[in-house]
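Each chain, letter by letter, is given below.
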Amino acid sequence: MIDTQALRKEQQQRAGEIIREDDFLQNPPAYIAGADVGFEQEGSVTRAAIAILRYPSLELVEYRIARINTVMPYIPGFLSFREYPALLAAWEQLQLKPDLVFVDGHGISHPRRLGVASHFGLLVNVPTIGVAKQRLCGKFPPLDSAVGALAALQDKDEQLGWVWRSKARCNPLFISTGHRVCTESALAWVQRCMAGYRLPEPTRWADAIASRRPAFVRWLQQHPEVPQ
């Protein structure tokens with residue numbers, strides 16, 4: 001039996017430790033990672049992929065994949081506890097540690113302000129940004145259909161992040177502070193890492209690696225020297 005009351009208390013405690021500022025003006029990132037988590041074998045195995053890109057070229061320079069036994073069932077509102085162990089396993093394999101990580105999921109745009117991007121960022125003490133495909137909480141005004149349409153994601157008087165249409169005829173992204181990143185920087189860095197797709201390059205590569213998409217298989221054949 002999962003003690004959700006204890007998990008909720010831990011979320012509230014850790015959420016208070018999240019730093020919503022950054023020092024990118026003094027220390028701009030040279031390497032930006034994307035992180036993606038999925039599940040295999042009917043959910044019994046958790047798979048995490050981390051892709052590291054050199055900035056500003058957005059060239060893939062290293063990637064890691066970790067597969068571990070799933071530690072807990074899916075419980076709405078507590079997904080980060082299910083996902084972060086595999087992320088930590090992939091993180092420990094990295095030869096090169098990135099300066100900033102985009103996580104496929106929410107940061108502070110979570111009912112208790114601790115989505116997987118915030119949880120993971122806090123555990124490894126690295127700046128993180130949540131790049132989610134669906135809203136978890138908060139409200140925003142109707143978004144224009146044009147590329148670049150932008151709205152603040154609000155929960156009462158608190159801004160949780162941004163809703164940004166990154167590509168035409170695609171649903172918007174939900175971008176939020178994870179840890180050690182301010183709200184304005186979260187949006188700016190995602191925008192800097194776009195290359196014509198819906199997702200920013202770091203998380204797009206992480207997804208491609210995790211799912212062995214054809215583009216990644218072709219790339220792998222051309223770059224056998226990249227650490228994996």
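Residues numbered from 1 in each chain as written. Predicted model: local features only at pLDDT ≥ 70, side-chain atom pairs only at ≥ 80, totals over all residues. Heavy atoms only, no water.

## Description of the packing of aromatic side chains
Here is step 1 of the chain: Overall, the coordinates contain six aromatic pairs when judged by the stated rule.
Here is step 2 of the chain: Measuring from centroid to centroid gives 5.2 Å for Tyr 63 and Phe 216, while their planes differ by 90°, and the two rings are edge-to-face. Here Tyr 63, found in strand S3 (residues 59–69), pairs with Phe 216, found in helix H6 (residues 214–222); they are 153 residues apart in sequence, far enough to count as distant.
Here is step 3 of the chain: Measuring from ring centre to ring centre gives 5.7 Å for Phe 140 and Phe 174, while their planes differ by 70°; the resulting arrangement is edge-to-face. Of this pair, Phe 140 sits in the loop between strand S5 (128–132) and strand S6 (150–155) while Phe 174 sits in strand S8 (residues 173–179), placing them 34 residues apart in sequence. (Phe/Tyr/Trp six-rings, centres within 6.5 Å; stacked < 30°, edge-to-face > 60°. Helix = DSSP H or I, 4+ residues; strand = E, 2+ residues; numbered from the N terminus.)

## What to know about the layout of surface pockets
Here is step 1 of the chain: There is about 430 Å³ of room inside the largest pocket.
Here is step 2 of the chain: Around the largest pocket, the lining is made up of 20 residues, and of these Leu 79, Glu 83, Asp 104, Gly 105 and His 106 lie nearest the centre.
Here is step 3 of the chain: Looking at which element gives the most residues to the lining of the largest pocket, the answer is helix H2 (residues 79–93), with three residues.
Here is step 4 of the chain: Of the residues belonging to the lining of the largest pocket, the class tally is nine nonpolar, seven polar and four charged. (1 Å grid on protein atoms, 1.4 Å probe; cavity = no way out; pocket = protein on both sides within 12 Å on 5 of 7 lines; lining within 4 Å. Points joined across faces, edges and corners; volume = space filled by probe spheres on them. Nonpolar A, V, L, I, M, F, W, Y, C, P; charged D, E, K, R; others polar.)

## Description of the UniProt feature "site: Interaction with target DNA" (unreviewed entry) in the protein
Here is step 1 of the chain: In this structure's numbering, the residues bearing the UniProt feature "site: Interaction with target DNA" (unreviewed entry) are Tyr 74.
Here is step 2 of the chain: Summarising the element assignment, Tyr 74 is placed in the loop between S3 and H2.
Here is step 3 of the chain: Setting aside residues no more than four positions away along its own chain, Tyr 74 makes contact with Leu 79 and Arg 82. (UniProt positions renumbered as here; feature names shortened; annotations may be inferred. Contact = heavy atoms within 4.5 Å.)

## Describing unusual backbone geometry
Here is step 1 of the chain: For the peptide bond that leads from Tyr 55 to Pro 56, omega is 10°, which places it in the cis range.
Here is step 2 of the chain: Following the sequence through the fold, Pro 56 ends up in the loop between strand S2 (45–54) and S3.
Here is step 3 of the chain: A positive phi angle is found at Arg 180, which is not glycine, with a value near 60°.
Here is step 4 of the chain: With respect to the helices and strands, Arg 180 occurs in the loop between S8 and helix H4 (183–192).

## Topic: the sheet that holds S3
What holds strands together in a sheet is hydrogen bonding between their backbones, with the strands either parallel or antiparallel.
Here is step 1 of the chain: Strand order in this open sheet of eight strands is S3-S2-S1-S4-S5-S8-S7-S6, and the pairing throughout is mixed. Looking at the sheet topology across the chains shown, the edges are occupied by S3 and S6. For this sheet the average axis-to-axis angle between neighbouring strands, irrespective of direction, equals 25°.
Here is step 2 of the chain: Inspection of the sheet shows strand S1 (residues 31–40) paired to strand S4 (residues 100–103) by four bridges, in the parallel sense. Counted as the bridge partner of Ile 32 is Leu 100 from S4.
Here is step 3 of the chain: Sheet strands in contact with H2 are S1, S2, S3 and S4, and its direction is about 130° off that of S3. (Pairing = 2+ DSSP bridges. Axes fitted to C-alpha atoms, helices over the stretch in contact; angles between N-to-C directions.)

## Quick notes on the pattern of salt bridges
Here is step 1 of the chain: In this structure the tally under the stated criterion is 10 salt bridges.
Here is step 2 of the chain: Two residues, Glu 201 and Arg 204, come together in a salt bridge whose shortest N-O distance is 2.7 Å. Taken together, the positions of Glu 201 and Arg 204, both in helix H5 (residues 201–211) and three residues apart, correspond to about one turn of that helix.
Here is step 3 of the chain: A relative accessible area of 6% places Glu 201 in the buried class.
Here is step 4 of the chain: Classification of Arg 204 as partly exposed rests on a relative accessible area of 21%. (Salt bridge = Lys/Arg side-chain N within 4 Å of Asp/Glu carboxyl O. Buried < 20%, exposed > 50% of the residue type's maximum accessible area, 1.4 Å probe, protein only.)

## So, the pairing of strand S7 (residues 158–164)
Here is step 1 of the chain: For S7, the tally of buried residues reaches five of seven residues, placing the bulk of the element in the interior.
Here is step 2 of the chain: Note that S6 and S7 share six bridges and pair antiparallel. If you follow Leu 153 over to S7, its bridge partner there is Gly 161.
Here is step 3 of the chain: Linking S6 to S7, which pair antiparallel, is a turn of two residues; within it Lys 156 sits at a positive phi near 60°.
Here is step 4 of the chain: Examined bridge by bridge, S7 and S8 share three bridges and lie antiparallel to one another.

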